[in-house]
Amino acid sequence: MTKVRTRFAPSPTGYVHVGGIRTALYAYLLAKQARGQFVLRLEDTDKKREVEGSDAHIIKSLHTLGIDYDEGPDIGGAYAPYRQSERLEHYIEWGKKLVKKGRAYADPYTPEEIRAFRSEAEQNKKAFLYRHHRPENPPEWDGTRPLRFKSEPKACAWHDAVMGDLHAGEEVIDDFVLIKSDGYPTYNFAHIIDDLEMEISHVIRGQEFIASTPNYLNLYEALEIDRPVLATMPHILNETGNKKLGKRDGAKDVLDYFRDGFIEEAMLNFIASMGWNDGTEQELFSKEELVSKFSLERVGRSGARFDEKRLIWMNGQWIKRLELSDLLKRAETFWGEAGQKASEAERKAVLTVVQDRLKTLTDLPNLTEFFFTEPTPDWKMVDDSKQLAKVLYKNRLDLLRSAAEKLVQVSAEDWNEETLQNTLNELLTDTNTKPPVLFGLIRLALTWAPFSPGLPETMRLLGKEITLSRLQSATKSLGEERAG
RNA sequence: GGUCCCGUCGUCUAACGGUUAGGACACCAGGUUUUCAUCCUGGCAACAGGGGUUCGAUUCCCCUCGGGAUCACCA
């Protein structure tokens, strides 16, 4: 097996969204699976579009997700530098080689002249091709004019590891710019040179590059070099499914998902499964499993929509599988105000009872804050509940009082889940009430939260004293509610 | 518009000529003498359309329709 080297080559023009991450992830998986290398290369050849700090942001995104590269701009490597702006002499050198071979020439036209050619072609309803205006005696290339590729138009067919056999006619072949007048190469040229020099074996990229691939093929030929394996990913579509996911349309920065309480296992699993599956009915894959099971052959050819509901479900699944100590660490920045101040032991105890219910870490305050601080009664929550809304003021009062009277009899030593459960059940018969009503009311009186752990668990953790005092303050607030 | 790619439940997908078209998310209904949530069980729900090829097409071919990408001194 030849060695596998893949790369992720973003341009530092901002953040990375899930589409970009998926491309990076697949390249990473492919390399790791073959015990090859995954490299990060920054394609910063358009200084106009460059966004300050985005290289650090991209690096952080990859680190956060655990997509670790073996070589890159910040860590170096045998093929350094990994920033295209630092490799300019390489492109110039190859450009000169092409000139010498008669396969590249300086562009003598001004931008205005080219615009004129273009509009003329458009008026005649013909596709504009620069090569129709190829100059007979181009000036010498001195670096101040664009260097253009002298293409050899012909139909071509090639194999793509994901898309299968692809083809295109000669009408798509043109004399594209290799090196711009500012001395920087275009993507079209730079990526080919870098992939060659960095010995990249597999190029994994988005569908938007299919259209220009025939031109790359033409260039590989002119350069007389072997091309890497090409693998083209279908796009990830936006939520409405009518467009490729893009920053302009509000595609989120992947780092935002972490801020929103998603964890890396879920993100990786979810992103990988948009367009890939192993053919079985398995839904949950760890990074290690992805590395061993991934294959380009099983990547689908049609675009996938981003379904956040599924991500949320998956996140809950992964949170559930976390070791408690691990969850504690990850939850650190997500606690509510009071939870923030609680001791580690308290947090741990609370986490134990809520772990199964967490979908995202941002659920934490809602689900736990009442354990640490006195909740504010909100009778609207009672009225919003189908069963509870029907329970009248007097009955509410009676139920809360009976609950307090009954629970006060449970001794501190017996304040455990089993006893509490039994006590609650007795209360059910005593008051001749249906569980949804009695327990629903007590749950709210104790937590005033939209959702919470089981009642006996909650009461045990709260302790006898707090449980009783909350029942009392609920009773009191009910009185005030009525008066007001 | 030219060129190219794609088309299975609402969504992510399995199927590589013969299946009651499978799973998951979402949704709905029950259950766990306990609410919300979790969990369990069940239900709803798809081969874009039309022609071929074949004993037999979701699967192969053609056309139509639909969706997307791309046509820069951006990547």
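Counting starts from 1 at the beginning of each chain's written sequence and moves along it residue by residue. Here every chain gets a letter starting at A, and every ligand a number starting at 1, in the order they are written. Local features in this predicted model are restricted to residues of pLDDT 70 or higher, and side-chain atom pairs are both shown and tallied only at a pLDDT of 80 or more, whereas totals for entire chains, interfaces and linings draw on every residue.

With respect to the overall build of chain A
So the rule is basically this: Counting from the N terminus, the helices are DSSP H or I runs at least four residues long and the strands are E runs at least two residues long. Field definition: a residue is buried when 20 or more other C-beta atoms are found within 10 Å of its C-beta, exposed when 12 or fewer are, and partly exposed for counts in between, with C-beta atoms placed from the backbone. Contact definition: two residues whose C-beta atoms, as placed from backbone geometry, lie within 7 Å.
Check the secondary structure of chain A and you find 21 helices and 11 strands. Expressed along its principal axes, the backbone C-alpha trace of chain A runs to roughly 100 × 50 × 40 Å. Burial statistics for chain A: of 484 residues in total, 33% are counted as buried. Pairs at least 24 apart in sequence give 77% of the contacts found in chain A among residues at least 6 apart.

A word on the packing of helix H19 (residues 435-447) against helix H20 (residues 455-462)
What counts, and what does not: Interaxial angles span 0 to 180 degrees and are taken between N-to-C directions of axes, which are lines fitted to C-alpha atoms, for helices over the stretch in contact. In what follows, roughly perpendicular refers to angles from 65 to 115 degrees, roughly parallel to angles under 35, roughly antiparallel to angles over 145, and oblique to any angle outside these ranges. Handedness of each helix crossing follows the sense of rotation of the near helix against the far helix: counterclockwise by less than a right angle gives left-handed, clockwise gives right-handed. All residues other than Ala, Val, Leu, Ile, Met, Phe, Trp, Tyr, Cys, Pro, Asp, Glu, Lys and Arg, Gly among them, are scored as polar; the first ten of these are nonpolar and the last four charged.
Interaxial distance between H19 and H20 falls to 11 Å at its minimum, and their mutual angle equals 30°. As judged from the angle between their axes, H19 and H20 are roughly parallel. Both H19 and H20 take part in a crossing whose hand is left-handed. Contact residues: H19 offers Phe439, Ile442, Arg443, Leu446 and Thr447, while H20 offers Leu455, Thr458, Met459 and Leu462. By residue class, the composition of the contact of H19 with H20 is six nonpolar, two polar and one charged.

As for the protein's contact with RNA strand B
Going by this rule: By definition, a residue lies near a molecule or strand provided its backbone-derived C-beta atom is within 6 Å of it.
Taken together, the neighbourhood of RNA strand B is formed by 69 residues, with Tyr187, Ser302, Ala304, Pro435 and Phe451 sitting nearest. Taken together, the elements giving at least two residues each to the surface near RNA strand B come down to helix H4 (111-123), strand E6 (164-168), helix H5 (187-197), strand E11 (304-305), helix H10 (308-320), helix H18 (417-431), H19 and H20. No other element matches H19, which puts five residues into the surface near RNA strand B. Counted by class, the surface near RNA strand B contains 25 nonpolar, 25 polar and 19 charged residues.

A few points about the confidence of the model for chain A
Heads up, the condition is: pLDDT is a residue-level measure of predictor confidence that goes from 0 to 100.
Scored by pLDDT, chain A has a mean of 93; 99% of the residues are at 70 or more. For this predicted complex, the interface confidence score (ipTM) comes to 0.94, while the overall pTM stands at 0.94.

Some thoughts on H5
Residues of H5 that are buried: Phe189, Ala190, His191, Ile192, Ile193, Asp194 and Asp195. Contacts made by the buried residues of H5 are with helix H3 (88-101), strand E7 (177-179), strand E8 (202-206) and helix H6 (213-223). Glu199 occupies a position one or two residues after H5 and carries a positive phi of about 55°.

Describing the pairing of E8
Using the following cut-off: Strand pairing follows a simple DSSP-based rule, namely that at least 2 bridges must link the two strands. The definition of a right-handed crossover adopted here requires that, viewed with the strands pointing away, the path from the first strand over the helix to the second runs clockwise.
Pairing of E8 with strand E9 (residues 229-233) involves five bridges; the strand directions are parallel. In the strand pairing of E9, Val203 is matched with Leu230. Following the backbone out of E8, through H6 and into the adjacent parallel E9, one traces a crossover that is right-handed.

Let's talk about the nonpolar core
The following threshold applies: Note on terminology: a nonpolar core is a set of buried residues of type Ala, Val, Leu, Ile, Met, Phe, Trp, Tyr or Cys, with members joined through C-beta atoms within 7 Å.
Among the nonpolar cores identified, the biggest contains 85 residues, and Leu25, Ala27 and Ile271 are the most heavily contacted of them. Of the residues forming this core, the biggest block, 10 residues, is contributed by helix H1 (residues 18-33). For Leu25, the residues in contact, after removing those within four places along its chain, are Ile67, Leu268, Ile271 and Ala272. The next biggest cluster of nonpolar side chains, apart from the first, holds 16 residues, and it includes Phe149, Leu178, Ala190 and Tyr216.

Section: unusual backbone geometry
Of note, the amide linkage connecting Ala80 to Pro81 takes the cis form, showing an omega dihedral of -5°. Residue position: Pro81 is located in the loop between helix H2 (54-65) and H3. The backbone phi angle of Glu199 is positive, close to 55°, even though this residue is not glycine. With respect to the helices and strands, the residue Glu199 is situated in the loop between H5 and E8. The phi dihedral of Asn432 falls on the positive side, at around 55°, and the residue is not glycine. Within the secondary structure, Asn432 is located in the loop between H18 and H19. Assessed through the 7 C-beta atoms surrounding it within 10 Å, Asn432 is described here as exposed.

Concerning the environment of Glu405
By the secondary structure assignment, Glu405 is in helix H17 (residues 393-408). A residue is classified by how many C-beta atoms lie within 10 Å of it, and Glu405, with 13 of them, is partly exposed. Separated by 63 residues in sequence, Glu405 and Leu468 place their C-alpha atoms 9.0 Å apart.

Describing the environment of Leu40
With respect to the helices and strands, Leu40 occurs in strand E2 (residues 37-40). Taking the C-alpha atoms as reference points, Leu40 and Phe128, separated by 88 residues in sequence, lie 35 Å from one another. In this structure Leu40 touches Phe8, Leu62, Tyr69, Gly72, Pro73 and Tyr82, once residues within four positions along its chain are discounted.

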